[in-house]
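Observations on the model geometry
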Amino acid sequence: MWAEETVFYQIYPLGFCGAPFENDGVASSRILKVIDWIDHLKKLNIGAVYFSPVFESDTHGYNTRDFNMIDTRLGSKEDFKKVCDALHEAGIKVVLDAVFNHVGRGFWAFKDVLEKREGSSYVNWFGRIDFGGNSNYNDGLWYEGWEGNYDLVKLNLYNEDVVNHLLECVTNWVRDYDIDGLRLDVAYCLTDEFCRRLRSHCDWLKPDFFLVGEVLHGEYGRILDSKNLHSVTNYQCYKGIHSAFNSENMFEIIHSLLRLFGPEDWTVARGRHLLSFCDNHDVTRIASIINNENCLKLVYAMVFGMPGIPCIYYGSEWGTKADKSMGDPALRPSFDAPSWNELTDYIAALSSAKRKSPALNYGGMKSLCLQNKQCVFERECEHERVLVAINMDSNPYTAYFDARAEKAVDLISGEDHYFAGGSVLEPYSAYFWKIC
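Everything in this summary refers to the structure shown in the same document. Just so you know, these numbers come straight off a predicted model, no measurement behind them. (Residues numbered from 1 in each chain as written. Predicted model: local features only at pLDDT ≥ 70, side-chain atom pairs only at ≥ 80, totals over all residues. Heavy atoms only, no water.)

**Observations regarding the side chain of Glu-214**
Its place among the elements puts Glu-214 in the loop between strand E12 (210–213) and helix H7 (220–227). By relative accessible area, Glu-214 is classed as buried at 5%. Apart from residues lying up to four places away in sequence, Glu-214 is in contact with Arg-183, Leu-184, Asp-185, Val-186, Ala-187, Tyr-188, Thr-233, Tyr-235 and Asp-282. (Helix = DSSP H or I, 4+ residues; strand = E, 2+ residues; numbered from the N terminus. Buried < 20%, exposed > 50% of the residue type's maximum accessible area, 1.4 Å probe, protein only. Contact = heavy atoms within 4.5 Å.)

What follows is the structure, encoded as C-alpha coordinates:
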(Lines give C-alpha, C1' and ligand atoms only; values in the text may rest on other atoms or scores of the structure.)
Protein backbone atom coordinates (compact mmCIF):
# COMPACT_ATOMS: atom_id res chain seq x y z
CA MET A 1 0.00 0.00 0.00
CA TRP A 2 1.13 3.54 -0.81
CA ALA A 3 1.08 4.65 2.84
CA GLU A 4 3.81 2.18 3.76
CA GLU A 5 6.28 4.06 1.56
CA THR A 6 5.09 7.56 2.44
CA VAL A 7 6.08 10.36 4.80
CA PHE A 8 3.03 12.10 6.31
CA TYR A 9 2.63 15.75 7.28
CA GLN A 10 -0.07 16.73 9.78
CA ILE A 11 -1.87 20.05 9.55
CA TYR A 12 -4.41 21.21 12.12
CA PRO A 13 -6.40 23.45 9.72
CA LEU A 14 -8.28 25.68 12.16
CA GLY A 15 -5.02 26.66 13.87
CA PHE A 16 -2.89 26.58 10.72
CA CYS A 17 -5.29 28.98 9.00
CA GLY A 18 -5.70 31.32 11.99
CA ALA A 19 -9.44 30.71 12.35
CA PRO A 20 -11.28 32.00 15.43
CA PHE A 21 -11.80 29.36 18.13
CA GLU A 22 -15.57 29.84 18.27
CA ASN A 23 -17.43 29.24 15.03
CA ASP A 24 -18.58 32.75 14.18
CA GLY A 25 -20.39 31.65 11.01
CA VAL A 26 -18.43 34.17 8.92
CA ALA A 27 -17.50 32.63 5.57
CA SER A 28 -13.86 32.71 4.51
CA SER A 29 -11.42 30.95 2.21
CA ARG A 30 -8.63 30.48 4.75
CA ILE A 31 -8.01 26.86 3.72
CA LEU A 32 -6.50 28.03 0.43
CA LYS A 33 -3.41 28.92 2.48
CA VAL A 34 -2.38 25.27 2.24
CA ILE A 35 -1.68 25.70 -1.47
CA ASP A 36 1.04 28.23 -0.64
CA TRP A 37 2.82 25.53 1.39
CA ILE A 38 2.94 22.87 -1.33
CA ASP A 39 6.47 23.79 -2.48
CA HIS A 40 7.59 23.47 1.15
CA LEU A 41 5.96 20.04 1.38
CA LYS A 42 7.61 18.86 -1.83
CA LYS A 43 11.00 20.05 -0.62
CA LEU A 44 10.44 18.00 2.55
CA ASN A 45 9.64 14.95 0.38
CA ILE A 46 6.15 14.69 1.88
CA GLY A 47 3.86 12.11 0.28
CA ALA A 48 0.63 12.68 2.20
CA VAL A 49 -1.03 15.45 4.18
CA TYR A 50 -3.16 14.40 7.12
CA PHE A 51 -5.70 17.13 7.90
CA SER A 52 -7.13 17.32 11.40
CA PRO A 53 -10.89 18.13 11.27
CA VAL A 54 -12.07 20.26 8.37
CA PHE A 55 -15.85 19.84 8.76
CA GLU A 56 -18.31 22.30 10.28
CA SER A 57 -17.95 22.26 14.06
CA ASP A 58 -18.74 24.22 17.20
CA THR A 59 -15.16 25.12 18.15
CA HIS A 60 -12.04 22.93 17.83
CA GLY A 61 -13.17 20.67 15.00
CA TYR A 62 -13.81 17.51 17.00
CA ASN A 63 -17.34 18.67 17.94
CA THR A 64 -18.84 18.30 14.48
CA ARG A 65 -22.02 20.03 13.39
CA ASP A 66 -22.23 18.70 9.83
CA PHE A 67 -20.02 16.04 8.19
CA ASN A 68 -20.99 17.23 4.70
CA MET A 69 -19.99 20.86 5.12
CA ILE A 70 -16.48 22.33 5.24
CA ASP A 71 -16.10 24.51 8.33
CA THR A 72 -17.26 28.01 7.47
CA ARG A 73 -14.15 29.42 9.13
CA LEU A 74 -11.99 27.51 6.62
CA GLY A 75 -13.87 27.90 3.38
CA SER A 76 -16.35 26.29 1.03
CA LYS A 77 -16.44 22.84 -0.47
CA GLU A 78 -15.10 24.40 -3.65
CA ASP A 79 -12.17 25.92 -1.73
CA PHE A 80 -11.24 22.60 -0.17
CA LYS A 81 -11.54 20.83 -3.51
CA LYS A 82 -9.01 23.31 -4.91
CA VAL A 83 -6.65 22.40 -2.07
CA CYS A 84 -7.08 18.66 -2.60
CA ASP A 85 -6.68 19.00 -6.36
CA ALA A 86 -3.48 21.03 -5.92
CA LEU A 87 -2.04 18.48 -3.50
CA HIS A 88 -2.91 15.59 -5.79
CA GLU A 89 -1.38 17.42 -8.75
CA ALA A 90 1.83 17.70 -6.70
CA GLY A 91 1.78 13.95 -6.03
CA ILE A 92 0.63 14.33 -2.42
CA LYS A 93 -2.15 12.16 -0.98
CA VAL A 94 -4.93 13.54 1.25
CA VAL A 95 -6.03 11.93 4.53
CA LEU A 96 -8.87 13.42 6.59
CA ASP A 97 -9.68 13.22 10.29
CA ALA A 98 -12.88 11.19 10.74
CA VAL A 99 -14.54 11.91 14.07
CA PHE A 100 -17.12 9.15 14.22
CA ASN A 101 -17.33 8.46 17.95
CA HIS A 102 -19.03 11.72 18.89
CA VAL A 103 -20.40 14.99 17.53
CA GLY A 104 -20.87 18.52 18.82
CA ARG A 105 -23.92 19.94 20.56
CA GLY A 106 -24.52 21.86 17.34
CA PHE A 107 -24.90 18.64 15.34
CA TRP A 108 -28.18 18.92 13.46
CA ALA A 109 -29.66 15.65 14.78
CA PHE A 110 -28.82 16.47 18.40
CA LYS A 111 -30.36 19.92 18.04
CA ASP A 112 -33.53 18.17 16.88
CA VAL A 113 -33.50 16.07 20.08
CA LEU A 114 -33.04 19.17 22.25
CA GLU A 115 -35.98 20.80 20.51
CA LYS A 116 -38.45 17.90 20.19
CA ARG A 117 -37.23 15.70 23.07
CA GLU A 118 -39.05 12.32 23.01
CA GLY A 119 -40.74 13.36 19.77
CA SER A 120 -37.47 13.52 17.84
CA SER A 121 -36.80 10.74 15.36
CA TYR A 122 -33.09 11.00 16.22
CA VAL A 123 -33.23 10.04 19.91
CA ASN A 124 -31.61 6.68 19.21
CA TRP A 125 -28.79 8.25 17.20
CA PHE A 126 -26.95 8.93 20.44
CA GLY A 127 -25.33 6.77 23.09
CA ARG A 128 -27.74 7.22 25.97
CA ILE A 129 -30.32 9.91 26.55
CA ASP A 130 -32.28 10.18 29.82
CA PHE A 131 -35.17 12.63 29.65
CA GLY A 132 -35.52 12.38 33.43
CA GLY A 133 -32.03 13.75 34.02
CA ASN A 134 -30.14 16.93 33.25
CA SER A 135 -26.77 18.02 31.82
CA ASN A 136 -24.31 20.65 32.89
CA TYR A 137 -25.79 22.72 30.05
CA ASN A 138 -29.19 22.56 31.84
CA ASP A 139 -30.89 20.92 28.86
CA GLY A 140 -33.53 19.20 30.95
CA LEU A 141 -32.14 15.85 29.77
CA TRP A 142 -28.98 13.82 30.33
CA TYR A 143 -26.83 12.34 27.58
CA GLU A 144 -23.53 10.50 27.32
CA GLY A 145 -20.53 12.70 26.59
CA TRP A 146 -17.18 11.29 25.49
CA GLU A 147 -15.05 10.75 28.61
CA GLY A 148 -17.31 13.15 30.53
CA ASN A 149 -16.94 15.97 27.99
CA TYR A 150 -20.49 17.08 27.32
CA ASP A 151 -19.58 19.23 24.35
CA LEU A 152 -18.84 15.87 22.67
CA VAL A 153 -22.11 13.94 22.31
CA LYS A 154 -21.60 10.18 21.98
CA LEU A 155 -23.01 8.63 18.80
CA ASN A 156 -24.77 5.26 18.84
CA LEU A 157 -22.75 3.17 16.41
CA TYR A 158 -25.13 0.25 16.93
CA ASN A 159 -27.84 2.25 15.14
CA GLU A 160 -28.02 1.30 11.47
CA ASP A 161 -29.20 4.78 10.45
CA VAL A 162 -26.15 6.37 12.11
CA VAL A 163 -23.76 3.92 10.46
CA ASN A 164 -25.36 4.45 7.05
CA HIS A 165 -25.14 8.22 7.48
CA LEU A 166 -21.43 8.07 8.31
CA LEU A 167 -20.66 5.71 5.44
CA GLU A 168 -22.58 7.96 3.06
CA CYS A 169 -20.49 10.91 4.25
CA VAL A 170 -17.30 9.00 3.44
CA THR A 171 -18.71 8.29 -0.01
CA ASN A 172 -19.30 12.02 -0.46
CA TRP A 173 -15.75 12.86 0.65
CA VAL A 174 -14.25 10.48 -1.90
CA ARG A 175 -16.58 11.78 -4.61
CA ASP A 176 -16.07 15.48 -3.82
CA TYR A 177 -12.39 15.58 -2.84
CA ASP A 178 -10.95 12.25 -4.03
CA ILE A 179 -9.44 11.68 -0.58
CA ASP A 180 -7.02 8.79 -0.08
CA GLY A 181 -7.57 7.81 3.54
CA LEU A 182 -8.95 8.54 6.97
CA ARG A 183 -7.49 8.91 10.44
CA LEU A 184 -10.12 7.63 12.86
CA ASP A 185 -10.32 9.77 15.98
CA VAL A 186 -10.36 7.77 19.25
CA ALA A 187 -10.49 4.56 17.24
CA TYR A 188 -10.19 2.58 20.48
CA CYS A 189 -13.73 3.76 21.34
CA LEU A 190 -15.26 2.73 18.00
CA THR A 191 -17.01 -0.62 17.82
CA ASP A 192 -15.16 -3.39 16.01
CA GLU A 193 -18.17 -4.03 13.79
CA PHE A 194 -18.36 -0.38 12.70
CA CYS A 195 -14.64 -0.34 11.84
CA ARG A 196 -14.94 -3.55 9.84
CA ARG A 197 -17.89 -2.16 7.91
CA LEU A 198 -16.02 1.07 7.30
CA ARG A 199 -13.03 -0.87 5.96
CA SER A 200 -15.23 -2.88 3.61
CA HIS A 201 -17.00 0.26 2.41
CA CYS A 202 -13.72 2.13 1.79
CA ASP A 203 -12.20 -0.84 -0.04
CA TRP A 204 -15.23 -0.76 -2.31
CA LEU A 205 -15.02 3.02 -2.79
CA LYS A 206 -11.36 3.28 -3.73
CA PRO A 207 -8.48 0.82 -4.07
CA ASP A 208 -5.68 1.31 -1.52
CA PHE A 209 -7.82 3.56 0.68
CA PHE A 210 -5.87 3.94 3.94
CA LEU A 211 -7.36 3.69 7.44
CA VAL A 212 -5.28 4.62 10.49
CA GLY A 213 -6.79 4.61 13.98
CA GLU A 214 -5.90 6.80 16.92
CA VAL A 215 -4.91 4.36 19.68
CA LEU A 216 -3.28 5.53 22.91
CA HIS A 217 -2.57 2.15 24.48
CA GLY A 218 -3.22 -1.55 24.12
CA GLU A 219 -1.92 -4.40 21.97
CA TYR A 220 -1.53 -2.87 18.54
CA GLY A 221 -1.64 -6.15 16.63
CA ARG A 222 -4.85 -7.25 18.33
CA ILE A 223 -6.51 -3.88 17.75
CA LEU A 224 -5.49 -3.84 14.09
CA ASP A 225 -6.98 -7.29 13.59
CA SER A 226 -10.19 -6.76 15.56
CA LYS A 227 -10.98 -3.44 13.89
CA ASN A 228 -9.58 -4.37 10.45
CA LEU A 229 -7.47 -1.22 10.14
CA HIS A 230 -4.26 -0.74 8.18
CA SER A 231 -2.44 1.17 10.92
CA VAL A 232 -2.69 2.75 14.35
CA THR A 233 -0.82 5.56 16.09
CA ASN A 234 2.35 4.38 17.85
CA TYR A 235 2.00 6.24 21.16
CA GLN A 236 4.11 3.64 22.96
CA CYS A 237 7.20 4.58 20.99
CA TYR A 238 6.29 8.28 20.96
CA LYS A 239 6.69 8.26 24.73
CA GLY A 240 9.69 5.95 24.63
CA ILE A 241 11.63 8.12 22.20
CA HIS A 242 11.68 11.36 24.17
CA SER A 243 12.07 9.51 27.45
CA ALA A 244 15.08 7.59 26.13
CA PHE A 245 16.84 10.73 24.90
CA ASN A 246 16.11 12.73 28.05
CA SER A 247 17.23 9.96 30.41
CA GLU A 248 20.20 8.96 28.21
CA ASN A 249 18.86 5.44 28.13
CA MET A 250 18.61 4.02 24.61
CA PHE A 251 17.66 0.65 26.12
CA GLU A 252 14.16 2.03 26.74
CA ILE A 253 13.26 2.79 23.14
CA ILE A 254 15.13 -0.13 21.57
CA HIS A 255 13.45 -2.63 23.88
CA SER A 256 10.07 -1.07 23.01
CA LEU A 257 10.85 -1.42 19.31
CA LEU A 258 11.92 -5.03 19.75
CA ARG A 259 8.72 -5.83 21.66
CA LEU A 260 6.73 -4.44 18.76
CA PHE A 261 8.77 -5.31 15.68
CA GLY A 262 11.63 -7.62 16.74
CA PRO A 263 12.51 -11.02 15.24
CA GLU A 264 10.92 -13.09 18.01
CA ASP A 265 7.61 -14.86 17.45
CA TRP A 266 5.94 -13.07 20.37
CA THR A 267 6.36 -9.55 18.99
CA VAL A 268 2.97 -7.85 18.67
CA ALA A 269 3.30 -5.72 15.53
CA ARG A 270 5.97 -7.36 13.37
CA GLY A 271 5.26 -6.66 9.73
CA ARG A 272 2.75 -3.91 10.62
CA HIS A 273 3.19 -0.27 9.69
CA LEU A 274 2.25 1.93 12.65
CA LEU A 275 2.09 5.72 12.39
CA SER A 276 5.30 7.08 13.98
CA PHE A 277 5.63 10.60 15.35
CA CYS A 278 7.44 12.68 17.96
CA ASP A 279 4.64 15.23 18.44
CA ASN A 280 1.18 16.18 17.19
CA HIS A 281 -1.73 18.55 17.88
CA ASP A 282 -2.48 16.95 21.27
CA VAL A 283 0.96 16.89 22.91
CA THR A 284 3.85 19.20 23.78
CA ARG A 285 6.07 20.02 20.81
CA ILE A 286 9.17 17.83 20.74
CA ALA A 287 11.50 20.86 20.79
CA SER A 288 9.98 21.77 24.17
CA ILE A 289 10.40 18.24 25.56
CA ILE A 290 13.97 17.34 24.60
CA ASN A 291 16.38 18.61 27.24
CA ASN A 292 19.45 18.64 25.01
CA GLU A 293 18.78 20.49 21.76
CA ASN A 294 21.68 18.61 20.14
CA CYS A 295 19.49 15.51 20.30
CA LEU A 296 16.56 17.01 18.43
CA LYS A 297 17.72 15.86 15.00
CA LEU A 298 18.49 12.41 16.46
CA VAL A 299 14.89 12.10 17.62
CA TYR A 300 13.81 12.49 14.01
CA ALA A 301 16.47 10.01 12.91
CA MET A 302 14.86 7.48 15.26
CA VAL A 303 11.35 8.24 13.94
CA PHE A 304 12.49 7.75 10.34
CA GLY A 305 14.83 4.83 11.05
CA MET A 306 12.50 2.64 13.10
CA PRO A 307 9.68 0.55 11.57
CA GLY A 308 6.62 2.65 10.81
CA ILE A 309 5.14 5.48 8.79
CA PRO A 310 6.72 8.82 9.85
CA CYS A 311 4.44 11.80 10.41
CA ILE A 312 5.70 15.37 10.89
CA TYR A 313 3.57 17.94 12.69
CA TYR A 314 3.49 21.29 10.92
CA GLY A 315 6.04 23.76 12.26
CA SER A 316 8.02 21.19 14.23
CA GLU A 317 10.30 20.62 11.25
CA TRP A 318 12.05 23.89 12.05
CA GLY A 319 11.95 23.46 15.83
CA THR A 320 8.82 25.32 16.93
CA LYS A 321 8.27 25.12 20.69
CA ALA A 322 5.00 24.92 22.62
CA ASP A 323 4.00 23.25 25.87
CA LYS A 324 0.71 21.43 26.44
CA SER A 325 0.35 23.26 29.77
CA MET A 326 -0.15 26.47 27.78
CA GLY A 327 -3.39 25.04 26.37
CA ASP A 328 -4.26 23.40 23.07
CA PRO A 329 -4.33 26.66 21.05
CA ALA A 330 -0.62 27.09 21.79
CA LEU A 331 0.04 23.74 20.13
CA ARG A 332 -1.94 24.71 17.03
CA PRO A 333 -0.64 28.09 15.85
CA SER A 334 -0.81 29.91 12.55
CA PHE A 335 2.45 30.70 10.76
CA ASP A 336 2.65 33.43 8.14
CA ALA A 337 4.86 31.20 6.01
CA PRO A 338 6.93 28.04 6.44
CA SER A 339 10.48 28.37 7.74
CA TRP A 340 13.59 26.43 6.79
CA ASN A 341 16.73 25.86 8.81
CA GLU A 342 19.38 23.21 9.51
CA LEU A 343 16.85 20.94 11.24
CA THR A 344 14.47 21.18 8.27
CA ASP A 345 17.31 20.31 5.91
CA TYR A 346 18.11 17.26 8.01
CA ILE A 347 14.49 16.08 8.14
CA ALA A 348 14.21 16.51 4.36
CA ALA A 349 17.28 14.26 3.95
CA LEU A 350 15.76 11.66 6.30
CA SER A 351 12.49 11.83 4.40
CA SER A 352 14.24 11.31 1.07
CA ALA A 353 16.17 8.34 2.45
CA LYS A 354 13.03 6.77 3.92
CA ARG A 355 10.94 7.06 0.79
CA LYS A 356 13.63 5.48 -1.41
CA SER A 357 14.61 2.59 0.86
CA PRO A 358 12.77 -0.76 0.74
CA ALA A 359 14.50 -1.81 3.97
CA LEU A 360 13.39 1.30 5.87
CA ASN A 361 9.87 0.84 4.54
CA TYR A 362 9.48 -2.91 4.92
CA GLY A 363 12.47 -4.29 6.80
CA GLY A 364 12.37 -6.10 10.11
CA MET A 365 14.07 -4.93 13.31
CA LYS A 366 17.17 -6.45 14.93
CA SER A 367 19.45 -4.84 17.54
CA LEU A 368 23.19 -5.11 16.79
CA CYS A 369 24.78 -2.79 19.36
CA LEU A 370 23.18 -1.12 22.38
CA GLN A 371 24.61 1.15 25.05
CA ASN A 372 23.07 3.90 27.19
CA LYS A 373 23.89 6.61 24.63
CA GLN A 374 24.33 4.59 21.45
CA CYS A 375 22.43 2.09 19.38
CA VAL A 376 22.83 0.28 16.08
CA PHE A 377 19.94 -1.71 14.69
CA GLU A 378 19.31 -3.50 11.44
CA ARG A 379 16.41 -3.06 9.02
CA GLU A 380 16.43 -5.87 6.48
CA CYS A 381 14.04 -6.91 3.73
CA GLU A 382 14.44 -9.25 0.78
CA HIS A 383 16.39 -6.86 -1.46
CA GLU A 384 18.08 -4.42 0.93
CA ARG A 385 19.72 -4.11 4.33
CA VAL A 386 20.16 -0.81 6.19
CA LEU A 387 21.90 -0.29 9.53
CA VAL A 388 20.63 2.63 11.63
CA ALA A 389 23.25 3.99 14.03
CA ILE A 390 22.72 6.78 16.58
CA ASN A 391 25.14 8.37 19.05
CA MET A 392 23.57 10.81 21.51
CA ASP A 393 26.87 11.43 23.36
CA SER A 394 28.97 14.61 23.16
CA ASN A 395 31.97 12.36 22.48
CA PRO A 396 32.69 10.07 19.55
CA TYR A 397 32.00 6.39 20.06
CA THR A 398 33.42 3.35 18.27
CA ALA A 399 30.77 0.68 17.82
CA TYR A 400 31.73 -2.95 17.30
CA PHE A 401 29.21 -5.32 15.78
CA ASP A 402 28.89 -7.86 13.00
CA ALA A 403 27.83 -5.85 9.98
CA ARG A 404 28.14 -8.89 7.68
CA ALA A 405 29.65 -6.53 5.13
CA GLU A 406 32.75 -4.47 4.43
CA LYS A 407 31.21 -1.34 2.97
CA ALA A 408 28.04 0.75 3.07
CA VAL A 409 26.79 4.13 1.87
CA ASP A 410 25.03 6.52 4.23
CA LEU A 411 21.57 7.30 2.85
CA ILE A 412 21.53 10.60 4.75
CA SER A 413 24.87 12.10 3.70
CA GLY A 414 25.72 9.96 0.67
CA GLU A 415 29.17 9.19 2.10
CA ASP A 416 30.81 5.77 1.95
CA HIS A 417 31.44 3.88 5.17
CA TYR A 418 33.83 0.98 5.87
CA PHE A 419 33.26 -1.38 8.79
CA ALA A 420 36.81 -2.68 9.31
CA GLY A 421 38.10 -1.95 12.85
CA GLY A 422 34.79 -0.74 14.22
CA SER A 423 32.46 2.06 13.20
CA VAL A 424 33.15 5.53 14.59
CA LEU A 425 29.98 7.43 15.48
CA GLU A 426 30.62 11.14 15.70
CA PRO A 427 29.13 13.18 18.59
CA TYR A 428 25.36 13.71 18.25
CA SER A 429 25.19 11.81 14.99
CA ALA A 430 22.96 9.38 13.12
CA TYR A 431 23.60 7.20 10.08
CA PHE A 432 21.48 5.14 7.73
CA TRP A 433 24.10 2.74 6.28
CA LYS A 434 22.87 0.89 3.19
CA ILE A 435 24.96 -2.24 2.79
CA CYS A 436 26.68 -2.36 -0.58
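**Comments concerning the pattern of salt bridges**
Taken as a whole and judged by the stated rule, the model has 31 salt bridges. For Arg-65, the salt bridge goes to Asp-58, with nearest N and O atoms at 2.6 Å. Accessibility expressed as a relative area gives 26% for Arg-65, which makes it partly exposed. Take Asp-58: its relative accessible area is 13%, and that puts it in the buried class. Here Arg-196 and Glu-193 are joined by a salt bridge, their closest N and O atoms 3.5 Å apart. A residue pair is termed a helical-turn pair when its members lie 3 or 4 positions apart in one helix, as Arg-196 and Glu-193 do in helix H6 (residues 192–205) at three residues. (Salt bridge = Lys/Arg side-chain N within 4 Å of Asp/Glu carboxyl O.)

**A closer look at the sheet that holds strand E16 (residues 366–370)**
Read from one edge of the open sheet, six strands run E16-E17-E18-E23-E20-E21, paired in antiparallel fashion. The open sheet has two edge strands with one neighbour each: E16 and strand E21 (416–418). Strand-to-strand twist of the sheet, defined as the mean angle between neighbouring strand axes without regard to direction, takes the value 30 degrees. Bridge count between strand E17 (residues 374–380) and strand E18 (residues 385–391): seven bridges; the pairing is antiparallel. Within E18, the residue paired with Phe-377 across the bridge is Val-388. (Pairing = 2+ DSSP bridges. Axes fitted to C-alpha atoms, helices over the stretch in contact; angles between N-to-C directions.)

**Considerations on the nonpolar core**
Of all hydrophobic cores here, the largest spans 143 residues; its most connected members are Phe-100 and Met-302. Among the elements that take part in this core, helix H5 (residues 160–177) stands out by supplying nine residues, more than any other. Counting 13 residues, the second-largest nonpolar core is a separate cluster that includes Cys-369, Ala-389, Tyr-431 and Ile-435. (Core = buried A, V, L, I, M, F, W, Y, C linked by side-chain atoms within 4.5 Å.)

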